Amino acid sequence: MARIRSVKPEFWDSPDTARASLRCRLFYIAMWNWADDWGIGDANAGRLVSFAFPNDDDISAADYPTLRREVSECYGVDFYEVAGRQFYAIPTWETHQRTEKKARRSNPGPEDADGPGNTRESNRPTLSGGLSDTQPRIPARGKGEVGSGKGEVGSKDLSVSDARTSNVEAAFDAAYAHWPKKVERKQALEKFRAASKRIDLDALAEHISRFGDAYAATTTKQYTPALGVWIGKERWTDDLPTAPEGDRKPTRGDNNLAFVQDMFRNEQADRLEIDR
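Residues numbered from 1 in each chain as written. Predicted model: local features only at pLDDT ≥ 70, side-chain atom pairs only at ≥ 80, totals over all residues. Heavy atoms only, no water.

### Observations regarding the overall build of the chain
In step 1: Summing up its helical and strand segments, the chain has 10 helices and three strands in all.
In step 2: Ordered by position in the sequence, the α and β elements of the chain form the string α-α-β-α-α-β-β-α-α-α-α-α-α.
In step 3: For the chain, with 276 residues in total, the buried portion stands at 41%.
In step 4: Of the roughly 16400 Å² of accessible surface on the chain, a fraction of 51% belongs to carbon and sulfur atoms. (Helix = DSSP H or I, 4+ residues; strand = E, 2+ residues; numbered from the N terminus. Buried < 20%, exposed > 50% of the residue type's maximum accessible area, 1.4 Å probe, protein only. Areas by Shrake-Rupley, 256 points an atom, 1.4 Å probe, with all protein chains shown as cover.)

Listed below in structure tokens is the structure:
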């Protein structure tokens, strides 16, 4: 359930806000409303974007990877996964949002993350006015402290490769939601991951979303290609699928087929005449 939150005056002229786009600023404030009393929110792409932009038809879940990356880079928001669900945590929440009576905590925190799913690439101050709060680290999966023995892993900062993995999976989830034929998802994710090394990640997600919507509007599911096959053949270079035109001019293939059908019908008629 969304909640009332406050915005400090210094937010508007902070260096972080100056770096953020207008969409990112609005999305970040919506994330405050969407978060619980502990600064943690459900990071489901469809629900979060729909809450932030309910009346903007030009903003959809396909824009989520870009918005997510920008709020992470500009405001230091942590994104992580717990038991297959995506969450976010807003750093320095206690400094900027005061809640007299907090509701019971229901969302897991970064310390409960399955692995290092944070998209930030550096520990940096967040929010407003040059604050120097230290960002929390997300612990890696494992037991023990650093250097405590073989096979034991302690807390560590997010690596660039971990950040990329999280971004790729978030972009895929947002794009996959638009694809009408939900088959072989694992294969499609692997193809998507490989293709994202050759083409810009946001552009690839946008291609999939655009073609997925077009297939849904013009093509039966039976004839829609599996997403993994579509990506593997780089079919984003094709023309968008369109609905058949009822009054289009017959092609040579159509004429040949009609000729053969006429011959067959005439032959059948001749045989019936002979039998009589």
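That covers the picture; the talk isn't over yet.
### A few points about the sheet that holds strand S3 (residues 85-89)
Each strand in a sheet pairs with another by means of backbone hydrogen bonds, the pair being arranged parallel or else antiparallel.
In step 1: Judged by pairing direction, the sheet is antiparallel, and its three strands sit side by side in the order S1-S3-S2 without closing on themselves. The sheet is open, and its two borders are formed by strand S1 (40-42) and strand S2 (78-82), each paired with just one other strand. Neighbouring strand axes in the sheet, compared pairwise and without regard to direction, differ in orientation by 30° on average.
In step 2: As defined by bridge partners, S1 adjoins S3 across three bridges and the pair is classed as antiparallel. (Pairing = 2+ DSSP bridges. Axes fitted to C-alpha atoms, helices over the stretch in contact; angles between N-to-C directions.)

### A short note on the packing of helix H2 (residues 22-34) against helix H3 (residues 45-52)
In step 1: Closest axis-to-axis distance for the H2/H3 pair is 9 Å, and the angle between their directions is 110°. Taken together, H2 and H3 sit at an angle that is classed as roughly perpendicular. Where H2 abuts H3, its residues Phe27, Ala30, Met31, Asn33 and Trp34 lie against Arg47, Leu48, Val49, Phe51 and Ala52.
In step 2: The class makeup of the residues in the contact of H2 with H3 is eight nonpolar, one polar and one charged. (Parallel < 35°, antiparallel > 145°, perpendicular 65-115°, else oblique. Contact = heavy atoms within 4.5 Å. Nonpolar A, V, L, I, M, F, W, Y, C, P; charged D, E, K, R; others polar.)

### Here's the deal with the packing of aromatic side chains
In step 1: This structure, assessed with the given rule, holds 17 aromatic pairs.
In step 2: Aromatic pair Phe11 and Trp32: ring centres 5.5 Å apart, planes at 75°, arrangement edge-to-face. Here Phe11 is found in the segment before helix H1 (15-19), whereas its partner Trp32 is found in helix H2, with 21 residues between them in sequence. An identical accessibility class is assigned to Phe11 and Trp32; each is buried. (Phe/Tyr/Trp six-rings, centres within 6.5 Å; stacked < 30°, edge-to-face > 60°.)

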